[in-house]
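# Structural overview
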Amino acid sequence: MRVVIQQSYELMSKWAAYYLVQHINEHDSQKPFVLGLPTGSTPLGMYRELITLCKAKKVSFKNVITFNMDEYVGLTSEHEQSYHRFMWDNFFSHIDIEPKNVHILNGMAIDLQKECTAYEKAICDAGGIDLFVGGLGADGHIAFNEPGSSLSSRTRIKTLTRDTKKANARFFGGDPEKVPSQALTVGVGTIMDAQEVMILVSGMEKARALKHGIEMGVNHMWTISCIQLHPKAIVVCDEDATNELRVVTVRYFKEIEAPNLRNWDLD
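What comes next concerns the included structure. Here the structure is a predicted model, which is why all the values come from computation and not from measurement.

## Some words on the sheet that holds strand β7 (residues 156-159)
Read across the sheet, 3 strands follow the order β4-β8-β7 without closing on themselves; strand pairing throughout is antiparallel. In the strand order of this sheet, the two ends are held by β4 (70-72) and β7, each with one partner. For this sheet the average axis-to-axis angle between neighbouring strands, irrespective of direction, equals 30°. Strand direction decides the pairing type here: β7 and strand β8 (residues 182-185), joined by 4 bridges, are antiparallel. Opposite Lys158, over in β8, you have Ala183 as the bridge partner. With respect to the sheet, helix α4 (residues 112-125) is in contact with β7 and β8, its orientation differing from that of β7 by roughly 120°.

Set out below in structure tokens:
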């Protein structure tokens, strides 16, 4: 596992964006680059930087296929808090991606289980995910794989915990009761099938979860810990998120990553 520690959220977001752009630009142009994407506040900085780079012709998303991690059950794609709306408002409508290449789970599907099965098949038909970018919940969940989720789980319907609803209430007028109680989410196993996984972590409120993901054992109560088993996992975080890591851990990762913290050449 790689852990890249940046001084601030802005620098962390820029590093993640440039890393992703480099992967897209170096990918075999004869086949699409398949990208898994998250929602939430943490990736917004990365999305803003990617938009800037796309407009500057440093990267193109015309040969990129995307699969989002999750969607609320019961919200239409036009609902202002749906993840469909989030992604188009904050990212897709500002870049040159082909709309047909965007995949987001349908929380209004008549048969939700069929929707989940079809999503897994669509990922497989696309050739699998090259890079899955994710965020991290304060309780250690990735996507909506709440504590207790199977580490071999696939895309499915998931009931959200009270803590997750409280954390997301800020998007629903501060009222947790307005947050949908269920979501469709890719599974831990789905994420782990990707060729590479990159987790973005920002802020002191995520520090405990990051500690469990990096320093503690693999545990289904902290689904972030699954990335310890991935052959190519990378965590990109800011200084605040490292507050509960041991000093020796922080020093170690800073030392081994120092040669990689360079200026990116995207020309």
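## A short note on the nonpolar core
Nonpolar side chains in soluble globular proteins tend to be buried together. With 47 residues, the main nonpolar core has Leu50, Phe61, Phe91, Phe92 and Met198 as its most contacted residues. In terms of residues, this core owes the most to one element, helix α1 (residues 9-26), which gives 10 residues. The contacts of Phe91, once residues within four sequence positions are left out, are Leu37, Tyr47, Leu50, Ile51, Phe61 and Phe86. Among the nonpolar cores identified, the runner-up in size contains 40 residues, and Val3, Leu105, Cys116 and Val197 belong to it.

## What to know about the packing of aromatic side chains
For any pair of aromatic rings, the description rests on two quantities: the centre-to-centre distance and the angle between the ring planes. One pass over the structure, following the stated rule, counts 11 aromatic pairs. Between the aromatic rings of Trp15 and Tyr19, the centroid separation amounts to 5.1 Å while the plane-to-plane angle is 15°, which identifies the pairing as stacked. You can see Trp15 and its partner Tyr19 sitting in helix α1, 4 residues apart, about one turn around the helix. Tyr19 carries the same exposure label as Trp15, and that label is buried. Of the aromatic side chains, those joined through ring pairs into one cluster are Tyr47, Phe61, Trp88, Phe91 and Phe92.

## Observations concerning the sheet that holds strand β5 (residues 102-103)
Whenever strands of a sheet pair, they do so through backbone hydrogen bonds, lying parallel or antiparallel. Reading across the sheet, the 7 strands line up as β1-β10-β9-β6-β2-β3-β5 and stay open at both edges, with parallel pairing between neighbours. Each having just a single partner strand, β1 (2-6) and β5 make up the two edges of the open sheet.

## Comments concerning the pairing of strand β3 (residues 64-68)
Burial analysis of β3 places 5 of its 5 residues in the buried class, the great majority of the element. Side-chain alternation along β3 places Val64, Thr66 and Asn68 on one buried face and Ile65 and Phe67 on a second face that is also buried. In this structure, strand β2 (residues 33-37) lies alongside β3, joined through 5 bridges in parallel fashion. Bridge pairing links Val34 to Ile65 in β3. In this region the chain leaves β2, passes through helix α2 (residues 44-55) and returns to the parallel neighbour β3; the handedness of that crossover is right-handed. Looking at chain direction, β3 and β5 are connected through 2 bridges and run parallel. Note that in β5 the partner of Phe67 across the bridge is His103.

Cut-off values and rules
Numbers given to residues run from 1 along each chain, matching the order in which its sequence is written. Reporting of local features is limited, given that this is a predicted model, to residues whose pLDDT is at least 70; pairs of side-chain atoms are given and counted only at 80 or more, and all residues count toward the totals for whole chains, interfaces and linings. Calculation of side-chain values draws on the structure's entire complement of heavy atoms; hydrogens and water are dropped beforehand. Here the rule is simple: two strands pair whenever DSSP picks up at least two bridges between them. Each helix corresponds to a stretch of at least 4 residues labelled H or I by DSSP, and each strand to a stretch of at least 2 residues labelled E; elements are numbered beginning at the N terminus. All axes here are fitted lines through C-alpha atoms, helices being fitted over the stretch that makes contact, and every angle between N-to-C directions spans 0 to 180 degrees. Every residue pair with non-hydrogen atoms within 4.5 Å of one another is taken to be in contact. As used here, the term nonpolar core means buried Ala, Val, Leu, Ile, Met, Phe, Trp, Tyr and Cys residues forming a set that is joined through side-chain atoms within 4.5 Å. Exposure is judged per residue with a 1.4 Å probe applied to protein chains only, and the accessible area is read against the type maximum: over 50% gives exposed, under 20% gives buried, and values in between give partly exposed. Stacked, edge-to-face and tilted are the three classes for Phe, Tyr and Trp ring pairs, Trp counted by its six-membered ring, which pair at centre distances within 6.5 Å; planes under 30 degrees apart are stacked, over 60 edge-to-face, the rest tilted. Whether a crossover is right-handed depends on one test, that the path from the first strand over the helix to the second runs clockwise when the strands point away from the viewer.

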